Amino acid sequence: MTTLAPPPAPVHEEGSRHRAEPYSDGGLASRAKRLFTGAPEDPHWTRPALWAILVLATALYAWNLTSITGNTFYNAAVYSGTKSWKAFFFGALDAGSFITVDKPPFALWVMGLSARAFGYGTWQLMLPMVAMGTGSVALVHRLVKRDFGPVAATLSALVLALTPITVAITRDTNPDPVLVFLMLLGAAALLKAVRTGRLLPLVWSGVAIGFAFNTKMMQAYVALPAFFLVYLWAADASLGKRIRNLAAGTAALIVSSAWWMVVVDLIPASSRPYIGGSTDNTVWDLVIGYNGFGRVFGASSSVGSQGNGASFGGEAGLYRMFNDIMGGQISWLIPFAAIALAAGLVLRGRAPRTDAKRAALMLWGGWFVLHYLTFALAEGTFHPYYVTAMAPGIAALAGAGAVMLYGAFRERAAARWSWVLPTAIVVSTGWALVLLQRVSGSGTLYAVTEAVVAVAGAASVIGLLVARFTKRQRLMGVAALAAVVALLAGPAAYSASAATSGTNGTNPTAGPDTGGGMGGGQRSGGAGGAPGAGSGEAPSARGDGQVSGGTSSSSSGGNNSPANGDNSMESGTTESNTAGSSTAESGGTESSDASSGAAEAGTTESDASGTGPGGGMGGDTQVSSAMIAYLKKNQDGATWLVAVATDQTASSIILESGEPVISMGGWSGSDDAMTLAKLKTLVKTGRLHYIVISDSGRGSANSEISTWVKANGTAVSDYSGLYRLDASDVG
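Heads up: these notes are all about the structure in this document. Not measured: the values here are computed from a predicted model. Per chain, residue numbering runs from 1 following the sequence as it is written. Side-chain atom pairs in this predicted model are given and counted only at pLDDT of 80 or more, local residue features only at pLDDT of at least 70, and totals for whole chains, interfaces and linings cover all residues. Think of the side-chain values as coming from all heavy atoms in the structure, minus any hydrogens and water.

### Regarding the environment of Val-709
Assignment of secondary structure puts Val-709 in helix α24 (residues 700–712). Under the scheme applied here, a residue whose accessible area is under 20% of the maximum for its type counts as buried, over 50% as exposed, and between as partly exposed, the area being computed with a 1.4 Å probe on protein chains only. The exposure class assigned to Val-709 is buried, which follows from its relative accessible area of 0%. Separated by 18 residues in sequence, Val-709 and Ile-691 have C-alpha atoms that sit 8.2 Å apart. Here, residues are in contact when the closest pair of their heavy atoms is within 4.5 Å. What Val-709 contacts, discounting residues up to four positions off in sequence, is Leu-679, Ile-691, Ile-693, Tyr-723 and Leu-725. Secondary structure elements follow DSSP: runs of H or I no shorter than four residues count as helices, runs of E no shorter than two count as strands, and numbering proceeds from the N terminus.

Below you can see the structure in the form of structure tokens.
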């Protein structure tokens, strides 16, 4: 009698993709079980460790949620999008859709949909940011695990979760967490296309990067050369097919990137908002100017980008990532990642062209190197939180490289490999001690961390060398764990600081203040934090015509909290910082007077010296809560409550009053969004009655408007700089 033997169990090569066999009970129950326990062939600790890291990441990103203020510039745009679908689509700052923010709107859409679904408030805006941050950690784990195994994946996920600047920016409403998540989706699809040689994953990769472009424009393209190179070199397909697939993927990238820009630029200017930050009211100009080459070369075609060339992260140069401002934010594991990348490529040097590990190293190495060079050498405006986009590359190289170097250290007979891993640990531990020495006087946390790093680093190196030459494998494992402690203790301390401190929504950073120029060293939650998210309540006014919360004052310290002490999303403070910070920046946009220090985003006064942005159109005029209450009482059916000079002034009034406010000059006050002809039309049709004008005109358009308003409007005596305009005032 013939019997059929069951087929042999599949053999998984090291680093190959893990495919779990279906559970015997099948169905939904088995999939739910696998979600929490992982694939059957994985070590039993793999999935619980991942869940622990995801919980840690979520806790860091969402801890003390009520202290998170967010960026009032973007908060106001999200709020406006909940009131008007037109404002939602264009990413307008105000619900009347007069001017857009200076970024494409995808991140605003994500937050706006959450706010429309659950109401406008702190947690509603932060929910998608936290989800994107945690999702990025999960994606890095999945991508590294497929090629390098569960240990490497766990280390990579932990490194990303504990990257200080990533914790700081994820506790904010800037678009960067959305950008990183979409780029990782693109990387996941690309690696699948490389393994399979199929076209569809490559198309999806292009689509994901296109959506990233519609989040932060040209920054989404920084890693693209690595994407193209990896697919062209390593994809499992003939050269002709690879080229054809790349052409199709590029087409998908172009369509996904350009569709919103093309639609907006085809709409007549009279039927849409002015494109904030542009010189000619087109998205294309914003792409190639203010958010494009201006960031890299220190000059832009945009009139509204006069801050370009100012650095909030220190002087441009290869050392920038290691300076006093940037070092503690991102550089902890850069030495280890660089050594791991070089050694990993050598170790895979004789592998076949389609080797999955080498392809992954090329992708993550290219991601890391391209971002490093772009951010380090950028002559344009640069903020510390931009480098969160570099963190996935560092994390993947650190995790994958640690496993590869450990394997070479343990298994290779060649003497040179016995020194590579210890050298990487010594260099990285030494650099961590340098960073901690810079903040040695900042508290017990950093002093203890410095001692832990020194002891664990020394124990690790000594233990590894002793274990190698005595063949004691258990000691080698313990020494490797000590290395993990030594290399991650510093980032963990900085991340804990970011999670337990208030958030500066305009320029979030982690850890203690290390000084530095242009506000780049400002601690998260330090002086100059913008008012904003906290209470979970939408901006509103009480029935008596008084605006909820808010005072108007001048501050030298710079904690812009509402008068009642509740850091509410109502943005209850309308004050400026005259000494608390040397910059004004919101969402990566800059003031026009970077050298002297401009008004903080989220305030409704400019620099007290009178040199703030937007002179001539209310740039140095105070807008108090009493004035806002007066404007609401006398709005008389107008679409816009008032016209003011700049975005930062307008955004705070929008959040305090809940009404549309015109920003006539964009962020810096120098956008040509408002013209005299346009102003006359708005007044004549009853859509605008009030405008704030200052005495210091700057720029021909500003002077023309200021002169006409003063000649034809009625000054409101109780509020300096405020004028009433009616249809009868228009000749």
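Now that the structure has been shown, we can carry on.
### Here we look at unusual backbone geometry
For Ser-97, which is not glycine, the phi torsion reads 60° and is therefore positive. One can find Ser-97 in the loop between α4 (85–90) and α5 (106–118). Looking at Ser-97, the relative accessible area reads 7%, which means it is buried. In this structure, Lys-471 is a non-glycine residue whose phi angle is positive, near 60°.

### With respect to helix α6 (residues 122–148)
Each residue after the first adds 1.5 Å to the expected span of a helix. A rise of 1.5 Å per residue sets the reference length of α6, with its 27 residues, at 39 Å; its end C-alpha atoms lie 39 Å apart and thus fit the reference within 8%. Burial runs high along α6: 22 of the 27 residues are buried. Taken from the residues just after α6, Gly-149 is the one with a positive phi, measuring 95°.

### Some words on the pattern of salt bridges
In what follows, salt bridge is the name for a side-chain nitrogen of Lys or Arg lying within 4 Å of a carboxyl oxygen of Asp or Glu. Applying the stated rule across the entire model yields nine salt bridges. We note a salt bridge from Lys-103 to Asp-102, for which the minimum N-O separation is 3.5 Å. Under the relative-accessibility criterion, Lys-103 is labelled buried at 5%. Lys-632 is the salt-bridge partner of Glu-659, the closest N and O atoms lying 3.7 Å from each other.

### So, the packing of helix α21 (residues 625–633) against helix α22 (residues 647–657)
Contact geometry of α21 with α22 gives a least axis separation of 11 Å together with a crossing angle of 65°. Judged by the angle between their axes, α21 and α22 are roughly perpendicular. Like other packed secondary-structure pairs, α21 and α22 cross with a definite hand, here right-handed. Between α21, through Ser-625, Ile-628 and Lys-632, and α22, the contact on the second element is made entirely by Ile-653, Glu-656 and Ser-657. Every axis in this analysis is a line fitted to C-alpha atoms, fitted for helices over the stretch in contact. Angles between the N-to-C directions lie between 0 and 180 degrees. Roughly parallel here means an angle under 35 degrees, roughly antiparallel means over 145, roughly perpendicular means 65 to 115, and every remaining angle is called oblique. Crossing handedness follows the turn of the near helix against the far one: under a right angle anticlockwise gives a left-handed crossing, and clockwise gives a right-handed one.

### Some details on the nonpolar core
If you look at soluble globular proteins, the nonpolar side chains tend to sit buried side by side. The biggest cluster of nonpolar side chains holds 195 residues, and the ones touching the most others in it are Met-321, Phe-336, Met-390 and Ile-691. Discounting chain neighbours no more than four positions away, the residues touching Phe-336 are Ala-398, Gly-401, Ala-402, Leu-405, Leu-421, Ala-424, Ile-425, Ser-428 and Leu-487. The nonpolar core is taken to be a set of buried Ala, Val, Leu, Ile, Met, Phe, Trp, Tyr and Cys residues, with the residues joined through side-chain atoms within 4.5 Å.

It is worth stressing that arrangement in space is one thing and function is another; only the former is reported here.
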